[in-house]
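Architecture at a glance
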Amino acid sequence: MREHEETDPAQDDIEAVTRAVLTASRLLVAVSARSLATVEESITLPQFRMLVVLSTRGPSKLVALADHLGVKPSTAMRMVDRLIASGLMDRRTNQDNRRETVLRLTEEGSRVVQDVTSRRRTEITAILRRLEPAQRSALVEALGAFNSAGQEPAFGDGDVGPHPLGWSDWADGGTQ
């Protein structure tokens, strides 16, 4: 056995970056969980994701919503029933086709999405304020490259959508 095996510097770099990104993702998941917990303890993350989809895409049929979320229609229906029972969504007859039902957010559902997104933004901003301006600039560049490599669309100034909580629209051209 060799006492000092040579390692590929590029591989060491990939491992260090992977560890850093995993740590950052843990932080962002914690921020997301805290922002959701402060608004509504009875909403699960998948249910909240459904609210976000309706918030960004507008009213939807159940099958389209399930497809967008990557779940079976029966799973989506159970989520919808719970969200309707909690007053965050409702069903309406499609005015263009009276045989179809359309799901949409209630005013309370819209408020929940806005509140959670606002809390998340506030906490992320507080974390970023602890960095030096040069570090923030480097982070913008690094995360921009990371997002491009992952084919995540950019989030513009003042955006609350299309994806305020970071779920890209896989159905419209992204890859999983």
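First things first, this report covers the structure right here in the doc. Since we're looking at a predicted model, the values are computed, not measured.

Quick look at a nonpolar patch on the surface now. The grouping of Val-17, Val-21, Leu-143 and Phe-146 at the surface amounts to a nonpolar patch, some 330 Å² of accessible area in total. Every element with two or more residues in the nonpolar patch is listed here: helix 1 (9-37) and helix 6 (133-149). As for its placement among the helices and strands, Val-21 is situated in helix 1.

This next bit is on the pattern of salt bridges. Opposite charge on two side chains makes pairing possible when the charged atoms of those side chains draw close. Here the structure, examined in full by the defined rule, presents seven salt bridges. Residue Glu-100 is joined to Lys-61 by a salt bridge in which the shortest nitrogen-to-oxygen separation is 3.4 Å. Here Glu-100 is found in the loop between strand 1 (89-93) and strand 2 (101-105), whereas its partner Lys-61 is found in the loop between helix 2 (45-57) and helix 3 (62-69), with 39 residues between them in sequence. The class of Glu-100 is partly exposed, set by a relative accessible area of 23%. Its relative accessible area of 40% is what places Lys-61 among the partly exposed residues. In this structure, Arg-111 engages Asp-115 in a salt bridge whose closest nitrogen and oxygen atoms are separated by 2.3 Å. Taken as a pair, Arg-111 and Asp-115 lie in helix 5 (residues 107-129) at a separation of four residues, close to a single helical turn. When its relative accessible area of 33% is taken as the criterion, Arg-111 is described as partly exposed. Members of the salt-bridge network, linked through shared partners, are Asp-90, Arg-92 and Arg-104.

With respect to the helices and strands, the residue Asn-94 is situated in the loop between strand 1 and strand 2. Relative accessible area serves as the criterion here: at 15%, Asn-94 is assigned to the buried category. For the pair Asn-94 and Lys-61, spaced 33 residues apart in sequence, the C-alpha to C-alpha distance is 8.9 Å. Beyond its immediate chain neighbours, meaning those up to four positions away, Asn-94 contacts Glu-100, Thr-101 and Val-102.

Attention now goes to the packing of helix 3 against helix 4 (residues 73-85). In contact at an axis separation of 9 Å, helix 3 and helix 4 are set at 105° when each is read in the N-to-C sense. Accordingly, the angle class assigned to the pair helix 3 and helix 4 is roughly perpendicular. The residues of helix 4 that touch helix 3, namely those facing Leu-62, Leu-65 and Ala-66, are Pro-73, Ala-76, Met-77 and Val-80.

Take the side chain of Ser-60 next. By the secondary structure assignment, Ser-60 is in the loop between helix 2 and helix 3. With a relative accessible area of 14%, Ser-60 lands in the buried category. In contact with Ser-60, not counting residues within four places along its chain, are Leu-54, Leu-65, Thr-101, Val-102 and Leu-103.

So, on to helix 5. An ideal rise of 1.5 Å per residue puts 33 Å on 23 residues; helix 5 measures up with 33 Å between its terminal C-alpha atoms. All of the buried residues in helix 5 are Gly-109, Val-112, Val-113, Val-116, Thr-117 and Arg-120.

Rules of the game
Residues numbered from 1 in each chain as written. Predicted model: local features only at pLDDT ≥ 70, side-chain atom pairs only at ≥ 80, totals over all residues. Heavy atoms only, no water. Patch = residues over 30% accessible without salt bridge, like charges linked within 9 Å, V, L, I, M, F, W, Y side chains within 5 Å. Areas by Shrake-Rupley, 256 points an atom, 1.4 Å probe, with all protein chains shown as cover. Salt bridge = Lys/Arg side-chain N within 4 Å of Asp/Glu carboxyl O. Helix = DSSP H or I, 4+ residues; strand = E, 2+ residues; numbered from the N terminus. Buried < 20%, exposed > 50% of the residue type's maximum accessible area, 1.4 Å probe, protein only. Contact = heavy atoms within 4.5 Å. Axes fitted to C-alpha atoms, helices over the stretch in contact; angles between N-to-C directions. Parallel < 35°, antiparallel > 145°, perpendicular 65-115°, else oblique. Expected span 1.5 Å × (residues − 1).

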